[in-house]
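Spelled out, the chains give:
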Amino acid sequence: MSQPNEGQDRLDYQETADITEVHAAIAREHAEPSADVTPIPTWLSIVCAAALCWAGIYVGIFHGGFNPKVYNEYESNPTAFFPLPGGATSGPGGPAVELTALQLGEKVYKEVCQACHQPTGLGQAGQFPALAGSEWVDGSEYNEKRLVAIVLKGMKGPVTVKGAAYNGAMPPQENALKPNKLAAVLTYVRQAWGNKGGEITEAQVIAAKKEFADRSDQWTVEEIKKIPLDAKLEGAGAPSTQAKTEPKSGDTGKPAAPATGSFDLAASIQRGATLYPTSCGTCHMPNGMGLPPVNPPLVGSELVTGDARRTIAIPLKGINGPLKVGATVFPGPMVPPALMFPAVINDDAKLADVLNYVRNTWGNKADAITPEQVKKVRAEFADRPAPWTEAELLNFPPTK
Ligand code: HEC
Ligand code: HEC
């Protein structure tokens, strides 16, 4: 009688006819609670990484100069990352990159000065003095040092402008605006609304900043008037860099004559700095370090700071085949930049500026390249279609 008894013991199992149903019930009971650590799903990590990358790129392109006070889209540089076809540096509707000083000045004026001095430049009776026709901007009280000083440090107390008396306070602009923008806006107010003043350069603003570094107060008119009317700031723009350049400095081999009195190397470098990011800088990078293993550095390269004639010839024609720079062999080619940035490369003065910039930045040091020299080299190789090879560059063909 032991058989039925054993059957009685396993009553549960016998109750159900289907063994798989029993197993399913048992399996369910064991699987329910789980204390495992589940890894983040791969797809989620990828999505997060992509979002971070995108955010980084976005901020990198549209950083607006990271100025907490003034958003300036022109500090951003979308075309450095997405060059427009045909070498155009600005697209319809898109932010223009290659702004003239006056355009930048107008933009800064609208953002910063216009709220007080008004779009008309006429100011507001009794509150904000006029800039249009102001003797301080372009008249009997004008002096470059005075004007830069007023805008750098601000001004307070009684002042007479165009026969009208004011007694307000203008906030200092030194920390809100970088020197290049201050220079641009000052050049703008000197030339807008019928004013006929000359240019104020970035170098002049920097010189004034240095000179008045210790000063923190706004000026009073008496203090401003102590700056003599014939005071000068270093770094005034050359009247015309293109018209008067040393004709003999283009000779090959021997280093060109050092910057002559009529060619202002510092100003040329400055202009070049604005051209570089949207031309050579797209490959050789803003810091000149290139992007190994594809794009070689311009920093510390003999091909950059050596023979000026050869340095001019490189961007005109490009380079084919492998090229050793430092210890690295770059596969090439360097597509002739003239195909991509004709506005810069096909203009003697602009190419000279951008070359002066790369030859005198990041610790590079070389003599000035004048538009005359560029013109000469351009003519010399006019009927050469092919890019250079390493062998040619190392043994650069002498002048015909
Ligand atoms: C918050 C208002 C305000 C802003 C912004 C401002 N100014 Fe002024 N500005 C004044 C006032 C007020 C005076 C007169 C100060 C006084 O009475 O001593 C003045 C005086 C001046 C003067 C000398 C007097 C004259 O009219 O020629 C110049 C030049 C000038 N400002 C230029 C600028 C420029 C350029 C900017 C922009 C970068 C600017 N200001 C932004 C309020 C402002
Ligand atoms: C489209 C990308 C690109 C642009 C734009 C560009 N380069 Fe290059 N550059 C290269 C590459 C790639 C090489 C290496 C060529 C090779 O290996 O044959 C090179 C090589 C050079 C070299 C010789 C190697 C060195 O680093 O010294 C010089 C000089 C140079 N470039 C200057 C310029 C100048 C100046 C401009 C702007 C006018 C410019 N490049 C624009 C890609 C570029």
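Note that the structure is predicted; figures quoted are calculated from it, not measured. Sequence order as written defines the numbering, with residues in each chain counted from 1. Working convention: letters from A go to chains and numbers from 1 go to ligands, in the order in which they are written. Totals for whole chains, interfaces and linings use every residue, but because this is a predicted model, local features are given only for residues with pLDDT of at least 70 and side-chain atom pairs only at 80 or more, for both listing and counting. Each side-chain value is worked out from all heavy atoms of the structure, with water and hydrogens disregarded.

Undergrad: Before we move on, can you summarise the site of ligand 1 with the specific residues and values?
TA: Taken together, 27 residues lie near ligand 1, and C113, C116, H117, A130 and M170 sit nearest. Polar contact is the term for a pair of N or O atoms within 3.5 Å; when the atoms are in protein, one must be able to donate a hydrogen and the other to accept it, and sequence-neighboring residues count only if both atoms are side-chain atoms. Between an oxygen atom of ligand 1 and a side-chain N or O atom of S134, the distance comes to 2.5 Å. Within the backbone of G168, an N or O atom sits 3.0 Å from an oxygen atom of ligand 1. At the level of elements, α6 (101–117), α7 (135–138), α8 (144–153), β1 (155–161) and β2 (164–170) are the ones that each hand at least two residues to the shell around ligand 1. Here the nonpolar group is Ala, Val, Leu, Ile, Met, Phe, Trp, Tyr, Cys and Pro; Asp, Glu, Lys and Arg are the charged ones; every other residue, Gly included, is treated as polar. Among the residues forming the shell around ligand 1, the class breakdown is 19 nonpolar, seven polar and one charged. Near is defined per residue: the residue qualifies when any heavy atom it owns lies within 4 Å of the molecule or strand. Helix numbers and strand numbers start at the N terminus; a helix is a DSSP run of H or I with at least 4 residues, a strand a run of E with at least 2.

Undergrad: Kindly report on the coordination of the iron atom of ligand 2, identifying the contributing residues and their values.
TA: Protein-derived coordination of the iron atom of ligand 2 comes from H284 (NE2) and M334 (SD), at a distance range of 2.0 Å. Geometry at the iron atom of ligand 2 is octahedral, judged from the six donor atoms that bind it and their angles of 80 to 179 degrees at the metal. In this pair, H284 sits in helix α13 (residues 281–284) while M334 sits in the loop between β4 (328–330) and α16 (337–340), placing the two residues 50 residues apart along the sequence. Judged by relative accessible area, M334 falls into the partly exposed class, the value being 24%. Water is absent from the atoms considered, so a metal site may look incomplete; donors are defined as N, O and S atoms within 2.8 Å of the metal, or 3.2 Å for Na, K and Ca. Irregular is the label for any site that misses the other tests, which are tetrahedral for four donors with all angles between 85 and 135 degrees, and square planar for four donors or octahedral for six when opposite donors exceed 155 degrees and the remaining angles lie between 65 and 115. Burial status follows relative accessibility: with a 1.4 Å probe on protein chains alone, a residue under 20% of its type maximum counts as buried, one over 50% as exposed, and anything between as partly exposed.

Undergrad: Can you tell me about the coordination of the iron atom of ligand 1, naming the residues and giving the values?
TA: At 2.0 Å from the iron atom of ligand 1 lie its protein donor atoms, namely H117 (NE2) and M170 (SD). With six donor atoms in place around the iron atom of ligand 1 and angles of 87 to 179 degrees between them, the coordination shape is octahedral. Pair noted here: H117 is in helix α6 and M170 is in strand β2, with a separation of 53 residues, a long-range link. For H117, a relative accessible area of 11% translates into the label buried.

Undergrad: Requested: an account of the nonpolar core, with residues and values cited.
TA: With 38 residues, the main nonpolar core has V148 and L186 as its most contacted residues. Contributions of two or more residues to this core are made by α6, α7, α8, β1, α9 (179–191), α10 (202–211) and α11 (221–225). The dominant element in this core, judged by the number of residues it contributes, is α9, at seven residues. Setting aside its immediate chain neighbours within four residues, V148 contacts L186, I200, V205, A208 and L233. Note on terminology: a nonpolar core comprises buried Ala, Val, Leu, Ile, Met, Phe, Trp, Tyr and Cys residues joined through side-chain atoms within 4.5 Å. In this structure, L303, A313, L393 and F396 belong to the second largest nonpolar core, which totals 34 residues. Contacts are assigned to residue pairs with any non-hydrogen atoms lying within 4.5 Å of each other.

Undergrad: Give a description of the side chain of N360 that names residues and reports values.
TA: Tracing the backbone through its elements, the reader meets N360 in the loop between α18 (348–359) and α19 (371–380). Within the structure, N360 has its side chain in polar contact with the backbone oxygen of N356 (distance 2.9 Å). Of the polar contacts made by the side chain of N360, one reaches the backbone nitrogen of A366; its length is 3.2 Å. Excluding anything up to four places from it in sequence, N360 contacts L265, I269, K365 and A366.

Undergrad: Describe the confidence of the model for the protein, naming the residues involved and giving the relevant values.
TA: Mean pLDDT over the protein: 81, with 78% of residues reaching 70 or higher. What pLDDT reports is the predictor's confidence in each residue, on a scale of 0 through 100. pLDDT under 50 marks residues 84–96. Its contacts with residues more than four places away, or in other chains, come to 20 contacts. Below a pLDDT of 50 lies the segment residues 240–260, which in the model reaches 33 contacts outside its immediate sequence neighbourhood of four places, other chains included.

Undergrad: Which residues make up the packing of helix α15 (residues 308–317) against α19, and what are the values?
TA: Fitted lines through C-alpha atoms give the axes, limited to the stretch in contact for helices. The angle between two N-to-C directions lies from 0 to 180 degrees. Their axes nearest at 9 Å, the elements α15 and α19 cross at an angle of 65 degrees. Relative to α19, the crossing made by α15 is right-handed. On the side of α15, the interface is formed by A308, R309, I312, A313 and L316, while α19 contributes Q373, V374, V377, R378 and E380. Across the contact of α15 with α19, the residue classes tally to six nonpolar, one polar and three charged. Note: crossing handedness is left-handed where the near helix turns anticlockwise from the far helix by less than a right angle, and right-handed where it turns clockwise.

Undergrad: Provide a residue-level description of the site of ligand 2, including the pertinent values.
TA: The environment of ligand 2 is formed by 30 residues, the closest being C280, C283, H284, S301 and M334. Between ligand 2 and S301, the relevant distance is 2.5 Å, taken from an oxygen atom to a side-chain nitrogen or oxygen of the residue. Among the secondary structure elements, those contributing two or more residues to the shell around ligand 2 are α13, α14 (302–305), α15, β3 (323–325) and α16. Among the elements that take part in the shell around ligand 2, α13 stands out by supplying three residues, more than any other. Grouping the amino acids of the shell around ligand 2 by side-chain chemistry returns 22 nonpolar, eight polar and no charged.

Undergrad: So what's going on with the pairing of β1? Residues and values would help.
TA: Here, any two strands with at least 2 DSSP bridges between them count as paired. Looking at chain direction, β1 and β2 are connected through seven bridges and run antiparallel. Looking across to β2, one finds that T160 is bridged to A165. Counted along the chain from β1 to the antiparallel partner β2, the turn is two residues long, and its residue K162 has a positive phi close to 50 degrees.

Undergrad: For the side chain of S301, give the residues involved together with the corresponding values.
TA: Of note, S301 is situated in the loop between α13 and α14. Of the residues examined, S301 reaches a relative accessible area of 7% and is grouped as buried. Looking at S301, its side chain comes within polar contact range of the main-chain nitrogen of L303, at 3.2 Å.

Undergrad: Can you break down the environment of K324 residue by residue, with the values?
TA: Note on placement: K324 falls in strand β3. Expressed as a C-alpha distance, the spacing of K324 and E390, which sit 66 residues apart in the sequence, is 7.9 Å. With residues near it in sequence (within four places) discarded, K324 still touches V329 and E390.

Undergrad: So what's going on with the packing of α6 against α9? Which residues, and what values?
TA: The N-to-C vectors of α6 and α9 enclose an angle of 95 degrees; their axes lie 7 Å apart at closest approach. When the axes of α6 and α9 are compared, the pair comes out roughly perpendicular. Contact with α6, carried on its side by A101, L102, L104, G105, E106, V108, Y109 and C113, involves N180, K181, A184, V185, T187, Y188, V189 and Q191 of α9 and no other residues of that element. Any angle that falls under 35 degrees is termed roughly parallel, while one over 145 is termed roughly antiparallel, one within 65 to 115 roughly perpendicular, and all others oblique.

Undergrad: Talk me through the packing of aromatic side chains; I want residue IDs and the actual numbers.
TA: Here a Phe, Tyr or Trp ring, Trp counted by its six-membered ring, pairs with any other such ring whose centre lies within 6.5 Å, and the pair is stacked when the planes are under 30 degrees apart, edge-to-face when over 60, and tilted otherwise. Under the definition given, this model contains eleven aromatic pairs. Look at Y109 and Y188: their rings are 5.7 Å apart centre to centre, the planes differ by 45 degrees, and that puts the pair in the tilted class. Taken together, the residues span a long stretch of sequence, with Y109 in helix α6 and Y188 in helix α9 at a distance of 79 residues. Y109 gets classed as buried once you look at its relative accessible area, which sits at 1%. Assessed through its relative accessible area of 13%, Y188 is described here as buried. Note on Y188 and W193: the rings are 5.7 Å apart at their centroids and 75 degrees apart in plane angle, and the pair reads as edge-to-face. Residue classification places W193 among the partly exposed positions, given a relative accessible area of 27%.

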